[in-house]
Amino acid sequence: EQADISKYFREASWEEALDFAASGLSDIKETTGSKSLAGFGSAKGSNEEAYLFQKLVRTGFGSNNVDHCTRLCHASSVAALLETIGSGAVSNQIADGTDADVMIVIGARPNSNHPVAATFMKNATERGSKLIVIEPYGSDLTLHASHFLQIHPATDVLLLNSIMHTIINEGLENKEFIKSHTDGYDLLKESVQEYSPEKVATICGIQVDIIKEVARLYATSDKAIIFWGMGISQHTHGTDNARCLISLALLTGQIGRPGTGLHPLRGQNNVQGASDVGLIPMMYPDYQPVNDHSAQKRFEALWKTSLDSKPGLTVVEIMHAIHSGDLHGMYIMGENPAMSDPNLNHARKALSKLKHLVVQDIFFTETCSYADVILPASAFAEKNGTFTNTDRRVQLARQATEPPGDARQDLWIICEIAKRIGLDWDYESAEEVFEEIRLATPSMAGITWSRLNKEDSLTYPLRNEGDLGQPIIFENGIFPTDDGKGRFVPADYIKPDELPSTEYPIVFITGRQLEHWHTGTMTRHSTVLDALEPNPSVFINPIDLQKLNLGSGNNSIKIESRRGTVTAIPRPDAHIQEGVVMMSFAFREAAANLITNEALDPFGKIPEFKYCAVKLSPAKHS
């Protein structure tokens with residue numbers, strides 16, 4: 001690999017590389033304006049790095065064109081949570097599942113994607129909790145479930161509305177909670193009347209009596225909690241999916257108490273923290289809208305510069321802006337859009353069109369192939385900094401080793417770029433940056449570096465020094481909305497952007513495997529993990545394999561959508577529904593996102609990774 005790299009890149013001193021990186025960005029800003037630059041930050045880095053990266057884009061580039069992988073995972077969940085209950089974070093921590101009488105896990109495969117969380121869930125069932133799993137794929141977690149609803153892909157709104165229809169029609173709703181703590185119930189009640197179990201059962205693939213049984217179980221339990229994953233969020237109707245889950249909790253009062261609540265399971269190790277500190281195009285730190293005049297003024301005072309009030313472009317929108325000639329330069333830190341974006345042919349062409357691309361990473365990724373300059377950075381064990389996990393726990397990571405070779409710490413690299421594009425920055429440590437984060441993020445204002453040094457973790461909201469923090473939020477039914485109430489937002493069933501057809505009859509879904517994480521940037525460098533899962537495979541029902549005359553499973557098959565083609569070994573799996581196939585997107589030699597659809601949810605601006613139409617055929621070997 002190194003020999004191939006040397007054909008296109010040469011080594012340079014840090015001084016030359018940083019000067020070249022910064023001057024290219026500055027030249028584009030001077031010639032075509034601030035809106036022609038964008039940045040992708042990293043959810044694998046620290047809070048301090050994410051904070052400085054978004055600050056660099058906003059104050060140095062001069063726009064809000066900054067985003068990260070939340071746009072490809074839980075952006076729609078956050079949009080729905082902010083809209084309905086005023087907070088984009090989880091209401092209860094994962095361990096609260098052990099106190100629940102009922103757990104719903106929907107659109108997630110925690111055994112593979114969140115194995116620590118899955119352990120809490122399995123332990124809870126051993127103590128007597130009921131586990132309801134709702135998923136198109138029958139994962140190993142179903143072995144612990146009291147109810148497994150193998151739903152047809154992309155019919156979540158139908159099922160969830162039907163569950164709420166049953167609860168309301170049988171008088172199981174929490175009338176007192178609804179009256180005292182919510183708005184919009186009448187609209188929801190009217191909307192779900194169109195979704196009786198008898199109407200939706202055939203479409204979503206779940207029997208009428210099972211829908212009603214699950215509705216009763218959730219509504220009548222003392223404590224029930226909902227966990228969800230990207231099977232809920234990665235759709236053009238992902239925000240509607242999350243709205244339904246939130247409405248279900250509000251409808252029954254299953255929120256604001258131990259063992260209850262809403263928990264979108266986060267993916268990357270710091271996707272929660274990166275979002276909290278503003279690494280998103282429409283929000284400043286602490287989810288303060290960039291188009292809110294008072295928020296803009298607060299940050300202009302803190303950062304001592306004027307700011308753009310227009311929300312920036314999201315991940316997929318940035319790729320479209322490159323193709324349209326509106327965006328010419330990018331700074332990418334710890335992200336791999338050449339593997340993670342939907343419709344990769346479109347995304348890779350966009351990266352190749354950029355006039356100047358700066359990539360900062362710990363390995364030579366697929367995205368590095370399109371770079372004009374590559375800056376070798378640091379892994380988490382090679383630096384100090386804070387990270388915020390899915391539970392809202394802020395934890396301090398302490399440097400254990402030095403970066404290898406000439407690699408440098410990310411915080412230093414960001415600051416050096418900032419200085420060279422004209423910002424007067426003199427941060428000397430992660431602790432110094434964290435002190436500024438406390439000023440920018442009121443929900444974390446009471447967390448101190450010295451206290452983090454003494455305690456394992458601190459949970460926000462923690463607004464004042466000495467506070468204990470709040471593992472459970474929305475206690476007593478009080479929400480951080482304008483009137484303190486949760487809002488029901490009805491959602492009607494909308495079909496996926498691209499349905500199966502005669503030419504493309506199979507539904508294609510992307511997922512993750514236990515052995516490899518995301519685009520494989522790090523895990524495929526592990527010889528043990530790569531030995532366990534060395535090759536790309538497509539999970540397919542054995543009946544489909546036989547019916548489509550695709551061989552025994554030993555020969556490669558071609559998977560083709562309207563956007564691209566990949567070849568992989570079929571892996572017969574009876575847990576996959578007929579008419580559906582699934583692939584991991586970790587393998588560069590068969591990049592699943594060459595196939596996926598870039599159609600966006602209109603609210604969260606998240607792509608529809610979890611549904612597109614494909615055709616299958618035997619692969620031709622030369």
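Residues numbered from 1 in each chain as written. Predicted model: local features only at pLDDT ≥ 70, side-chain atom pairs only at ≥ 80, totals over all residues. Heavy atoms only, no water.

Caption draft 1: Summary view of the overall build of the chain. Across its full length, the chain carries 23 helices and 25 strands. The C-alpha atoms of the chain give a radius of gyration of 24 Å, which matches the 25 Å a tight globule of 622 residues would have. Seen along its three principal axes, the alpha-carbon backbone of the chain occupies a region of about 70 × 70 × 45 Å. When burial is assessed residue by residue, the chain has 62% of its 622 residues classed as buried. Once local pairs closer than 6 in sequence are excluded, the contacts in the chain between residues at least 24 apart make up 75%. Side-chain charges in the chain split into 56 positive and 78 negative, and the spacing between the mean points of these groups amounts to 3 Å. (Helix = DSSP H or I, 4+ residues; strand = E, 2+ residues; numbered from the N terminus. Rg over C-alpha atoms; globule rule 2.2 N^0.38 Å. Buried < 20%, exposed > 50% of the residue type's maximum accessible area, 1.4 Å probe, protein only. Contact = heavy atoms within 4.5 Å. Lys, Arg positive; Asp, Glu negative; His and termini not counted. Charge placed at Lys NZ, Arg CZ, Asp CG, Glu CD.)

Caption draft 2: Geometry of the environment of Arg-10. Secondary-structure assignment places Arg-10 in the loop between helix H1 (2-6) and helix H2 (14-32). Taking the relative accessible area as the measure of exposure, Arg-10 reaches 62% and is therefore exposed. One polar contact links Arg-10 to Glu-16, side chain to side chain, over a distance of 2.5 Å. (Polar contact = N/O pair within 3.5 Å; in protein donor to acceptor, adjacent residues only side chain to side chain.)

Caption draft 3: Layout of the packing of helix H7 (residues 156-169) against helix H13 (residues 238-252). Close contact between H7 and H13 brings their axes to 9 Å; oriented N to C, the two are set at 15°. In terms of orientation, H7 and H13 fall into the roughly parallel class. Here H7 and H13 pass one another in a crossing that is left-handed. The segment H7 lies against H13, with Asp-156, Val-157, Leu-160, Asn-161, Ile-163, Met-164, Ile-167 and Ile-168 engaging Asp-240, Asn-241, Cys-244, Leu-245, Ser-247, Leu-248, Leu-251 and Thr-252. Broken down by class, the residue content of the contact of H7 with H13 amounts to 10 nonpolar, four polar and two charged. (Axes fitted to C-alpha atoms, helices over the stretch in contact; angles between N-to-C directions. Parallel < 35°, antiparallel > 145°, perpendicular 65-115°, else oblique. Left-handed = near helix turned anticlockwise from the far one by under 90°. Nonpolar A, V, L, I, M, F, W, Y, C, P; charged D, E, K, R; others polar.)

Caption draft 4: Seen up close, the pairing of strand S7 (residues 224-228). The buried fraction of S7 is high, at five of five residues. Along S7, one buried face is formed by Ala-224, Ile-226 and Trp-228 and the opposite face, lined by Ile-225 and Phe-227, is buried too. Where strand S3 (residues 102-106) lies against S7, five bridges are found, and the strand directions are parallel. Each residue of the ladder has a partner; that of Ile-106, found in S7, is Trp-228. (Pairing = 2+ DSSP bridges.)

Caption draft 5: Examining the packing of H7 against helix H11 (residues 208-220) more closely. Taken N-terminus to C-terminus, the directions of H7 and H11 make an angle of 65°; their axes are 9 Å apart at the nearest point. Relative to H11, the element H7 lies roughly perpendicular. Along this stretch, H7 crosses H11, giving a crossing that reads as right-handed. Contacts between H7 and H11 involve Leu-159, Ser-162, Ile-163, Thr-166 and Ile-167 from the former and Ile-211, Lys-212, Val-214, Ala-215 and Ala-219 from the latter. Here the contact of H7 with H11 is built from residues that sort into seven nonpolar, two polar and one charged.

Caption draft 6: Seen up close, helix H10 (residues 197-204). For H10, the complete set of buried residues consists of Pro-197, Val-200, Ala-201 and Cys-204. Along the long axis of H10, the arc covered by the buried residues comes to 120°, so they all point the same way. Looking at the buried side of H10, the elements it contacts are H7 and H11. Gly-205 sits one or two positions beyond H10 and adopts a positive phi of about 85°. (Arc of directions from axis to C-beta.)

Caption draft 7: Seen up close, the packing of aromatic side chains. Summed over the entire model, instances satisfying the criterion amount to 11 aromatic pairs. Centre to centre, the rings of Phe-299 and Trp-303 are 5.0 Å apart; their planes meet at 50°, and the pair counts as tilted. In this pair, Phe-299 and Trp-303 both sit in helix H15 (residues 293-303), four residues apart, roughly one turn of the helix. Trp-303 shares its class with Phe-299; the two are buried. Ring geometry for Trp-425 versus Tyr-427: centroids 5.5 Å apart, planes at 80°, classification edge-to-face. Comparing Trp-425 with Tyr-427 shows no difference in burial state: the two are buried. In textbook terms, an aromatic cluster arises when at least three aromatic residues are bridged by ring pairs, as seen for Tyr-51, Tyr-284, Phe-299 and Trp-303. (Phe/Tyr/Trp six-rings, centres within 6.5 Å; stacked < 30°, edge-to-face > 60°.)

Caption draft 8: Main features of the environment of Lys-189. Mapped onto the elements of the fold, Lys-189 is located in helix H9 (residues 185-192). The exposure class assigned to Lys-189 is partly exposed, which follows from its relative accessible area of 39%. Considered as a pair, Lys-189 and Glu-335 are 146 residues apart in the sequence and their alpha carbons are 43 Å apart.

Caption draft 9: Layout of a negative patch on the surface. On the surface, Asp-424, Asp-426, Glu-428, Glu-431 and Glu-432 cluster together into a patch of negative charge. Looking at where Glu-428 falls in the secondary structure, it is placed in the loop between helix H19 (410-420) and helix H20 (430-440). (Patch = residues over 30% accessible without salt bridge, like charges linked within 9 Å, V, L, I, M, F, W, Y side chains within 5 Å. Areas by Shrake-Rupley, 256 points an atom, 1.4 Å probe, with all protein chains shown as cover. Salt bridge = Lys/Arg side-chain N within 4 Å of Asp/Glu carboxyl O.)

Caption draft 10: Representation of the sheet that holds strand S5 (residues 147-149) within the structure. Spatial strand order, S5-S4-S3-S7-S8: five strands in an open sheet with parallel pairing. Where the open sheet ends on each side, the last strands, each with one partner, are S5 and strand S8 (261-264). Along the sheet, successive strands turn relative to each other by an average axial angle of 15°, direction set aside. Packing against the sheet, helix H6 (residues 115-126) makes contact with S3, strand S4 (130-134) and S7, and its axis sits at approximately 145° to S3. Sitting on the sheet, H13 touches S3, S7 and S8, and the angle it makes with S7 is about 170°.

Caption draft 11: Quick peek at the side chain of His-235. By the secondary structure assignment, His-235 is in the loop between helix H12 (230-233) and H13. Exposure remark for His-235: the relative accessible area of 3% places this residue in the buried category. If sequence neighbours within four positions are ignored, His-235 has contacts with Ala-154, Asp-156, Asn-241, Asp-601, Ile-606, Pro-607, Glu-608, Lys-610 and Tyr-611.

Caption draft 12: A look at empty space enclosed by the protein. Enumeration according to the criterion identifies two cavities of 30 Å³ or more in this entry. Put simply, the largest cavity is a space of about 40 Å³. If you go around the largest cavity, the residues you meet are Val-316, Met-319, Asp-341, Pro-342, His-346, Ala-347 and Glu-598. When contributions to the lining of the largest cavity are tallied by element, the ones reaching two or more residues are helix H16 (315-323) and helix H18 (344-353). Partitioning the lining of the largest cavity into residue classes produces four nonpolar, one polar and two charged. Within this model, the second largest cavity holds a volume of roughly 30 Å³. The wall of the second largest cavity is formed by Arg-109, Gly-511, Arg-512, Gln-513, Phe-539, Met-582, Met-583 and Ser-584. Its residues assigned to classes, the lining of the second largest cavity shows three nonpolar, three polar and two charged. (1 Å grid on protein atoms, 1.4 Å probe; cavity = no way out; pocket = protein on both sides within 12 Å on 5 of 7 lines; lining within 4 Å. Points joined across faces, edges and corners; volume = space filled by probe spheres on them.)

Caption draft 13: Expanded view of the environment of Arg-463. Note on placement: Arg-463 falls in the loop between strand S16 (458-459) and strand S17 (486-487). A sequence separation of 20 residues divides Arg-463 from Ser-443, and the C-alpha atoms of the two residues are 5.2 Å apart. Setting aside chain neighbours within four positions, we find Arg-463 in contact with Pro-442, Ser-443, Ala-445 and Gly-446.

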